[in-house]
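# Chains, contacts and geometry: an overview
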Amino acid sequence: MSKYTQVIMVYQMDPFGEDQGGGTRYVKQLLEGLSKTNCKIDFLGQGVARKSQRSLSFIPISHTHCSYPVFFLKLLFFCLKQQPTTHSVVHVHRLYFALPFILLWPQAKIICTLHGRSFSVFPARFGKAISKVVFPVFKTLERFLLRRIDALIPVSHEVSSVFANRYKLDYLDSKLNHTFIPSMVDLSSFFPFPSTHLQNKFGEKHQYITFIGRLAAVKNITKILNCWAEESIDKSKFKLVLVGDGELKKQLLNITNQLDIEKSVIFYGAAPPRLIPEIINSSHGLVLSSYHEASPTVVKESLACGVPILSTDVGEVSDYINHKKTGYIVECNDSELDYVVGMEWLLNSKFDKLSIVKMASNRLKQCSPEICGKMYAEAYQKLLPSKKI
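Rules of the game
- Residues numbered from 1 in each chain as written.
- Predicted model: local features only at pLDDT ≥ 70, side-chain atom pairs only at ≥ 80, totals over all residues.
- Heavy atoms only, no water.
- Pairing = 2+ DSSP bridges.
- Helix = DSSP H or I, 4+ residues; strand = E, 2+ residues; numbered from the N terminus.
- Axes fitted to C-alpha atoms, helices over the stretch in contact; angles between N-to-C directions.
- Contact = heavy atoms within 4.5 Å.
- Buried < 20%, exposed > 50% of the residue type's maximum accessible area, 1.4 Å probe, protein only.
- Right-handed = clockwise from strand over helix to strand, strands pointing away.

## A look at the sheet that holds strand β6 (residues 109-114)
Spatially, β3-β4-β2-β1-β5-β6-β7 is the arrangement adopted by the seven strands of the open sheet, whose pairing is mixed. Lying at the two open borders of the sheet, with one neighbouring strand each, are β3 (51-53) and β7 (151-154). Ignoring which end each strand starts from, the neighbouring axes of this sheet average 20° apart. By the bridge criterion, three bridges tie β3 to strand β4 (residues 56-62) in an arrangement that is antiparallel. What sits directly across from S52, in β4, is S57. Seen against the sheet, helix α1 (residues 22-34) touches β1 (5-10), β2 (39-46), β4, β5 (88-92) and β6 and runs at an angle of roughly 160° to β2. Of the strands in this sheet, β1, β2 and β4 are in contact with helix α2 (residues 68-81), which crosses β4 at around 115°.

## Some details on the pairing of strand β12 (residues 309-312)
Side-chain alternation along β12 places I309 and S311 on one buried face and L310 and T312 on a second face that is also buried. The pairing of strand β11 (residues 285-288) with β12 spans three bridges and is classified as parallel. Across the sheet, residue L288 finds its bridge partner in β12, namely S311. Handedness of the β-α-β unit built from β11, helix α12 (residues 297-304) and β12 comes out right-handed.

## So, the pairing of strand β10 (residues 265-269)
β10 sits mainly inside the fold: five of its five residues count as buried. Alternating residues of β10 divide into V265, F267 and G269 and I266 and Y268, and every residue in both groups is buried. Examined bridge by bridge, strand β9 (residues 238-243) and β10 share four bridges and lie parallel to one another. Within the sheet, the bridge partner assigned to V241 lies in β10 and is I266. In this fold, the crossover linking β9 to β10 by way of helix α10 (residues 249-258) has right-handed handedness.

And the structure:
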């Protein structure tokens with residue numbers, strides 16, 4: 001009998017590359033945590049070439065970046081060509097990536113991480129009219145997948161509640177099982193250290209307030225820009241840096257020009273993951289204004305570096321930020337004026353990095369890749385009771 005658990009993991013990324021995004025960082029940190037367990041991973045994703053390292057084998061089913069539908073079709077073709085693997089777990093990070101395995105590998109045990117609210121981006125991209133037509137079809141497919149997936153792992157209580165309230169299905173309770181595995185933070189990379197990354201890049205005479213994330217509608221970056229334009233914000237001393245890329249970049253550039261704040265706003269562009277600790281540690285503070293989040297990684301990374309963060313009260317934010325001590329929390333439905341007050345607090349307060357880390361450390365330690373990797377290994381084992389970790 002094999003002494004390891006074989007896992008087939010699916011996500012639209014290269015685990016050895018420098019892809020961006022919260023989901024990507026979650027998967028990468030999970031793989032790091034799983035490397036310390038007796039799990040062997042065959043990773044189906046997108047990238048240039050096959051590669052193996054320790055217990056991880058990367059199998060690119062697409063050699064170029066492609067859209068979700070195209071990746072899904074390539075995954076379907078892969079499952080058609082390959083024989084079902086016995087005594088292994090299939091772990092998907094998007095619900096609909098489970099469909100090829102359900103249809104073509106009916107004996108497979110499938111686990112799905114629920115990273116956030118499904119269908120939340122579609123209306124902003126394609127409009128409400130099309131969404132009204134597509135959503136009933138999507139909901140039917142989602143219900144089918146939820147029924148047939150063997151185990152569901154939400155990243156936060158909020159995500160679990162969204163699915164439970166949307167479908168109100170008895171069997172969801174047993175599958176969710178009140179088990180949450182949050183976004184992870186690697187404390188060996190994210191900790192306080194001297195950094196002048198932003199100063200070296202954009203000038204030493206300013207301090208920097210930083211947003212890190214995708215330039216997407218759900219992030220509500222327009223709110224940050226509107227508040228930054230207020231006269232009470234000291235733009236002679238501070239500059240706002242937007243780190244990331246996305247479909248709203250051109251629109252946000254236009255808004256910045258319309259608000260006449262282009263001299264105090266910097267569009268950094270996408271940054272490789274290895275630079276994120278440098279960027280955070282060279283920032284005076286971070287800002288987040290999302291309409292909703294699941295388990296925002298950047299909040300934990302900021303606090304792990306001892307850098308305060310202003311955030312709307314989304315996902316698990318209030319579990320990690322100590323209001324007016326390690327950061328500032330604004331209710332999602334509050335006015336922009338309330339966010340301006342939080343921004344003023346962030347700009348005008350002085351902070352001790354080590355004190356912030358000390359206040360946040362107990363919660364952050366529970367988000368280590370090692371602990372979360374072990375939790376996933378145990379979840380896999382429950383689906384394969386005859387195997388031993």
